Structure formats: structure tokens, C-alpha cells
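An overview of the molecular structure
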Amino acid sequence: MLKKIGLGIVALIAIFAIVVASRPSHYKVARSTLVLAPSSAVYARVADFHGWDKWSPWEKLDPGMQKVFSGADGAPGAAYAWKGNDKVGEGRMTLLEARPAEALDIRLEFVKPFASVCATGFRFAPQGSGTQVTWTMEGDNDFLGKAFSLFLDMDKMIGGDFERGLGSLKALAEADRPAAASR
């Protein structure tokens, strides 16, 4: 009887491992919004990591988060490292490419709660009297990440945060517009 139970458990583990191994490793999360402000103004809000505390959805989760900034603001090599509570963890963002009013490419490294590296970026496309802003994050899961994705979808987990962040970014950039127009 114990032998049959043992074989059953081994078979279930093997099936689970096969299912996990067959999952796609690549993931991508993307959200967009139309901001009624020039692309240069929206870009400026994102390119300087010092200003992320005004719109990033994660900044509000730990007001006491430790932050270290390095490099020239808005230029390739600029970095932002953080260490915070369980809700924000620990990590680092490094600006890889900056094309003013067009695009930002960032290397995002998480240290805690789980070590991982992914690419995140922003695209700023003029659209009518505003700017279409697209925020993306993509990377590859290892075996553990693929197992995790069976229960929690990365798009559902991060997508809402992107939407909240873009909403805050939109509100700030649009609030700046009337002030700039009246000067």
C-alpha cells in the first residue's frame, strides 16, 4: 500500500514538473494611456528617477524606503536602488537608453523577495494634442518562475500597478500643462 502511495506521489511530481517545464518562459506586461501633454513633458517625468516618488505605484507602499541614486539624471547609466518593506522588496533600476521625448529602456533587477532581472521601458508617441505612453516589462522565468506562473499570472499581478502608475503620471503631466501654457 505505501509503495502504491509513493509511486502515486512520484507520478504527480513528474507530471507537475513536465507541465511546468512546458510553460513558456518569456513574459511581457504592457499598458498604455493617452496623456494630454507634450511628449517632452511626459518623458521628463519618467527620465529622472528622483521624480518617480510622485507617480510610481510602488513608492507609496513604503514611505520609509531607503533610496540611492547615482549617475547623471535622465542619462544612460543613471541608477536608482531601493530597499524597503516586504511590499517593495529590494532592487535596482539602471537607465540603459534614453531617447528624449521618444523612449527609455531600463534594466530592472530585483534582489528581494525573489532575485530576477527583466527589461522595462517607456515609449512616448505623439498622438493628436497629447502623447501615447506605453510602459512595458518583459523577461524570462526560470523553472521556479514558471511554476509560480501556474498560480499567478504576471500580467494580472503587475498590470494593475502599471495602470495606477500611468494614471498618476497622466494626472501630474496634465496638471503641469495649464501652468506651462499660462507663462
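Every residue gets a number counted from 1 within its own chain, in the order that chain's sequence is written. It should be noted that, the model being predicted, local features are given only for residues of pLDDT at least 70 and side-chain atom pairs only at 80 or more, the latter also being counted only at that level, while totals for whole chains, interfaces and linings use all residues. Excluded from the side-chain calculation are hydrogens and water; included are all heavy atoms of the structure.

Description of the overall build of the protein chain
Across its full length, the protein chain holds four helices and seven strands. Here a helix means four or more residues in a row that DSSP labels H or I, a strand means two or more in a row labelled E, and each is numbered from the N terminus. If you list the helices and strands of the protein chain from N to C, you get α-β-α-β-β-β-β-β-β-α-α. Looking at the protein chain as a whole, 36% of its 183 residues qualify as buried. Contacts in the protein chain between residues far apart in sequence, at least 24 positions, make up 51% of those at least 6 positions apart. The Shrake-Rupley method, run with a 1.4 Å probe sphere, supplies the accessible areas, and residue values consider only the shown protein chains as cover. Looking at the protein chain as shown, the accessible area adds up to about 10,600 Å², and 62% of this sits on carbon and sulfur atoms. The rule is simple: take the accessible area with a 1.4 Å probe, protein chains only, and divide by the maximum for that residue type; under 20% is buried, over 50% is exposed, in between is partly exposed. Only heavy atoms enter the contact rule, under which two residues are in contact if any of them lie within 4.5 Å.

Comments concerning the sheet that holds strand β2 (residues 66-70)
Only strands joined by at least two bridges in the DSSP assignment are considered to pair. An order of β1-β7-β6-β5-β4-β3-β2 is seen for the seven strands of this open sheet, with the pairing classed as antiparallel. Looking along the sheet, the strands with just one partner apiece sit at the ends: β1 (26-35) and β2. This sheet shows a mean twist of 15 degrees between the axes of neighbouring strands, independent of strand direction. By the bridge criterion, five bridges tie β2 to strand β3 (residues 79-83) in an arrangement that is antiparallel. When the bridges of β3 are listed, K67 appears paired with W82. Inter-axis angles, ranging from 0 to 180 degrees, are taken between N-to-C directions of lines fitted to C-alpha atoms, where helices are fitted over the stretch in contact. Of the strands in this sheet, β1, β4 (90-99), β5 (103-112), β6 (116-127) and β7 (130-140) are in contact with helix α2 (residues 39-47), which crosses β6 at around 160 degrees.

A word on the pattern of salt bridges
Basic side-chain nitrogens of Lys or Arg form a salt bridge, by our definition, when they fall within 4 Å of a carboxyl oxygen of Asp or Glu. Taken as a whole, this structure holds 10 salt bridges when the rule is applied. For R99, the salt bridge is made with E102, and the minimal N-O distance between the two is 3.7 Å. We classify E102 as partly exposed; its relative accessible area is 47%. As a salt-bridge pair, E174 and K170 come within 2.8 Å of each other at their nearest N and O atoms. Note that E174 and K170 are positioned in helix α4 (residues 154-181) at a spacing of four residues, about one turn of the helix. On the accessibility criterion, E174 (22% relative accessible area) is partly exposed. A residue is classified by how much of its surface remains accessible, and K170, at 24% relative accessible area, is partly exposed. Each of E97, R99 and E102 takes part in one network of salt bridges that share partners.

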